[in-house]
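# Fold and geometry: a report
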Amino acid sequence: MTSILHRYSEDIGHHSFQANTAHQIAQCNGCLSLTYLSSATNSEDYEHDENNDVYYPAAVKMYPPRTLKPLIDGVDLFAIPNQTRELLTETRGALANEYQVLAGIGLRGLIETVVKAQGSKGRNLQEKIDDLVENRILTPARANILHEIRAIGNVSAHEAKPHTIEQLNLALEAIEHVLQEVYVLPDKAKRVFTKVGVPSPPELPPMPIVPPPPVL
């Protein structure tokens, strides 16, 4: 449930042009977070419904924006390296403000920082992602998703083509899962298992050196 804390409406009229903008400040009754909302209509922007009647669609804006999904559960930003964390924050900000081309470029940049930090080898990003699979850092299924995101980033960077908010949100969610697997879970496991006294696995003795058989 939401409560409206404040309402304000302003009208503009000049001869044949009329416009109205309604402002609201709403508060969630559960988490108590605030949202600013504006709804604007004017006499020049109109549409026709299925009965051919004229109506005036409202341009609605909200702050904070609602195009961005929250971080996936369990992602501890402080377990992520600084450069990657800052790029994640900037990419989420671009998506929240519907800067879709910039968000696509940021998504590709996030993949770049991950493969670089893992010391992945390859002549290009595609080969570096595949190298993470060979080293068992990523599963093949996760790598396939990163290849899709890599393609999104390439189109954004080289063609300045925006992708849909739905595509970018899904790509961002996939990258957050990768960050969780690569950085967050290992960091958490190291801290938690140390507290409960889980012993480290014993080191195996070196393999004995067997001399080659004599040449007859």
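Owing to the predicted nature of the structure, the values given are computational and were not obtained by experimental measurement.

## Describing the sheet that holds strand 6 (residues 59–63)
- Reading across from one edge, 1-2-3-6 is the order of the four strands in this open sheet, with antiparallel pairing throughout. Two strands lie at the open edges of the sheet, namely strand 1 (2–14) and strand 6, each paired on one side alone. Direction aside, neighbouring strands of the sheet carry axes that sit 15° apart on average.
- Bridging between strand 2 (residues 17–28) and strand 3 (residues 34–42) involves nine bridges; their strand directions are antiparallel. Within strand 3, the residue paired with Gln 27 across the bridge is Leu 34.

## Points about the pairing of strand 3
- The loop that links strand 2 with its antiparallel partner strand 3 comprises five residues; one of these, Leu 32, has a positive phi angle of about 70°.
- Of the pairings in the sheet, the one linking strand 3 to strand 6 comprises five bridges and is antiparallel in character. Residue Ser 38 lies in a different strand from strand 6, and its bridge partner there is Lys 61.

## A short note on helix 1 (residues 82–96)
- Between its first and last C-alpha atoms helix 1 spans 21 Å; for 15 residues at 1.5 Å apiece the expected length is 21 Å, and the two agree.
- Of the residues making up helix 1, those classed as buried are Thr 84, Arg 85, Leu 88, Thr 91, Arg 92, Ala 94, Leu 95 and Ala 96.
- At the exit of helix 1 stands Glu 98, carrying a positive phi of roughly 65°.

## Brief notes about the pattern of salt bridges
- Inspection of the entire model under this criterion finds five salt bridges.
- In this structure, Arg 142 engages Glu 181 in a salt bridge whose closest nitrogen and oxygen atoms are separated by 2.5 Å. With Arg 142 in helix 4 (residues 140–159) and Glu 181 in helix 5 (residues 165–195), the pair connects residues that are 39 residues apart, well separated along the chain.

## Describing the environment of Tyr 8
- Among the structural elements, Tyr 8 can be located in strand 1.
- Overall, the relative accessible area of 47% leaves Tyr 8 in the partly exposed class.
- For the pair Tyr 8 and Ala 22, spaced 14 residues apart in the sequence, the C-alpha separation amounts to 5.9 Å.

Analysis parameters
Residues numbered from 1 in each chain as written. Predicted model: local features only at pLDDT ≥ 70, side-chain atom pairs only at ≥ 80, totals over all residues. Heavy atoms only, no water. Pairing = 2+ DSSP bridges. Helix = DSSP H or I, 4+ residues; strand = E, 2+ residues; numbered from the N terminus. Axes fitted to C-alpha atoms, helices over the stretch in contact; angles between N-to-C directions. Expected span 1.5 Å × (residues − 1). Buried < 20%, exposed > 50% of the residue type's maximum accessible area, 1.4 Å probe, protein only. Salt bridge = Lys/Arg side-chain N within 4 Å of Asp/Glu carboxyl O.

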